[in-house]
Amino acid sequence: MNCPACRSKTVEQGFEGSRGAKVLLDVCPTCHGLWFDAKESIQLSSNGVLRLFRQMHGHKDEHYRLKEPLACPRCRATLTKTQDLARSNRFQYFRCPNEHGHFITFFQFLREKGIVRSLNAKELAELKKHVQHLQCSDCGDPISLETDSACPRCRAPLCILDPKALGATVEGLNPAAVAAGVVAPAVAAQILMEHMKLDGFFRKIDSQVQAASTSVGTTPIADSSSAETVAEVVETGVEAIDLLDVGIDFFFDIASGIGDLF
Ligand SMILES: [Zn+2]
Ligand SMILES: [Zn+2]
Ligand SMILES: [Zn+2]
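Residues numbered from 1 in each chain as written. Chains lettered and ligands numbered in written order. Predicted model: local features only at pLDDT ≥ 70, side-chain atom pairs only at ≥ 80, totals over all residues. Heavy atoms only, no water.

- An unreviewed UniProt entry lists the chain under the name Transcription factor zinc-finger domain-containing protein, from Hyalangium minutum.

### Quick look at the packing of helix α1 (residues 46–56) against helix α8 (residues 243–258)
Consideration 1: Where α1 meets α8, the closest approach of the two axes is 11 Å, and the angle between their N-to-C directions is 110°. Considering their axes alone, α1 and α8 lie roughly perpendicular with respect to each other. Like other packed secondary-structure pairs, α1 and α8 cross with a definite hand, here left-handed. Together, Leu 50, Phe 53 and Arg 54 of α1 and Ile 248, Phe 251 and Phe 252 of α8 make up the contact between the two elements.
Consideration 2: Tallied by class, the residues present in the contact of α1 with α8 amount to five nonpolar, no polar and one charged. (Axes fitted to C-alpha atoms, helices over the stretch in contact; angles between N-to-C directions. Helix = DSSP H or I, 4+ residues; strand = E, 2+ residues; numbered from the N terminus. Parallel < 35°, antiparallel > 145°, perpendicular 65-115°, else oblique. Left-handed = near helix turned anticlockwise from the far one by under 90°. Contact = heavy atoms within 4.5 Å. Nonpolar A, V, L, I, M, F, W, Y, C, P; charged D, E, K, R; others polar.)

### Thoughts on unusual backbone geometry
Consideration 1: Between Glu 68 and Pro 69 the backbone carries a cis peptide bond, its omega angle lying at 0°.
Consideration 2: Within the secondary structure layout, Pro 69 lies in the loop between α1 and β4 (80–86).
Consideration 3: Unlike most non-glycine residues, Arg 7 shows phi in positive territory, near 75°.
Consideration 4: The topology assignment puts Arg 7 in the segment before β1 (11–16).
Consideration 5: We classify Arg 7 as exposed; its relative accessible area is 54%.
Consideration 6: With phi around 70°, Arg 76 is a residue other than glycine that occupies positive phi space.
Consideration 7: Assignment of secondary structure puts Arg 76 in the loop between α1 and β4. (Buried < 20%, exposed > 50% of the residue type's maximum accessible area, 1.4 Å probe, protein only.)

### Re the pattern of salt bridges
Where side chains of opposite charge bring their charged atoms close, a pairing between them can arise.
Consideration 1: All chains considered together, the criterion is met by 10 salt bridges.
Consideration 2: Here Asp 37 makes a salt bridge to Arg 74, at a shortest N to O gap of 2.9 Å. Of this pair, Asp 37 sits in strand β3 (residues 34–37) while Arg 74 is found in the loop between α1 and β4, placing the two residues 37 residues apart along the sequence.
Consideration 3: A salt bridge links Glu 68 to Lys 81, with the shortest nitrogen-to-oxygen separation between them at 3.1 Å. Taken together, the positions of Glu 68 in the loop between α1 and β4 and Lys 81 in strand β4 put the pair 13 residues apart, joining distant regions of the chain.
Consideration 4: On the basis of relative accessibility, which here comes to 46%, the residue Glu 68 falls in the partly exposed class.
Consideration 5: Through salt bridges with shared partners, one network takes in Asp 26, Asp 37 and Arg 74. (Salt bridge = Lys/Arg side-chain N within 4 Å of Asp/Glu carboxyl O.)

### Some details on the coordination of the zinc ion (ligand 2)
Consideration 1: Protein ligation of the zinc ion (ligand 2) involves Cys 72 (SG), Cys 75 (SG), Cys 96 (SG) and His 100 (ND1), the donor distances falling in the range 2.0 to 2.4 Å.
Consideration 2: Seen from the zinc ion (ligand 2), its four donor atoms lie at angles of 100 to 122°, and the figure they make is tetrahedral.
Consideration 3: Counting residues between consecutive donors of the zinc ion (ligand 2) along the chain gives the motif C-x2-C-x20-C-x3-H.
Consideration 4: For Cys 96, a relative accessible area of 3% translates into the label buried. (Donors = N, O, S within 2.8 Å, 3.2 Å for Na, K, Ca; no water. Tetrahedral: all angles 85-135°; square planar, octahedral: opposite > 155°, others 65-115°.)

As structure tokens, then:
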């Protein structure tokens, strides 16, 4: 099928579901959106979530701005934008009114799973000491920390990976599915949580900002309506970073030091 958001051909892939079931998802290799068929109501297991997470890791593609309305890939009906709440995280997705399934961006999927959480005021103040401009983790638009605490375009909040939630997910890994000879999931979860504390994360940001400022600035914004904001970002000489990308890099840096967990 074609991705409802960017029209690229999606790739159908199986992921581990709860109770040993297999969940087939249509994953978009371009915008990293996910399509869940209505029958795919089985929840992904921890193994499934982390495998999907790893697959998305390393993508440095340009962000894709959703252009609504989106059409159902099965029946072409306009998908209904739906707001939902999971573990006090607000997230949104687009569902077919004829119940063929739903489309969700990778960022919103992580919101739903509770793997990312919004920054609190204290963390936001600390973050401002390290960086002035960010890139929205959902749509890629620039965010100025001087004036905004959410994306001015799509309203996505500033989010970071939640070490606790990631730890709990790693702890939920099926030990039988974990490669033999590596540490137990519970131990790995402890190590991850210990290392993913905020000060470590801010050090990671500093190194990314440095790396970005040495590469001469192209900003990944394709739309001419953002010309001024592009100019503004380029002027600072620093390519705006995405907290989610930094967090995922950070997570895999640590995880790779632990062993082949998933
Ligand atoms: Zn797509
Ligand atoms: Zn439909
Ligand atoms: Zn946005």
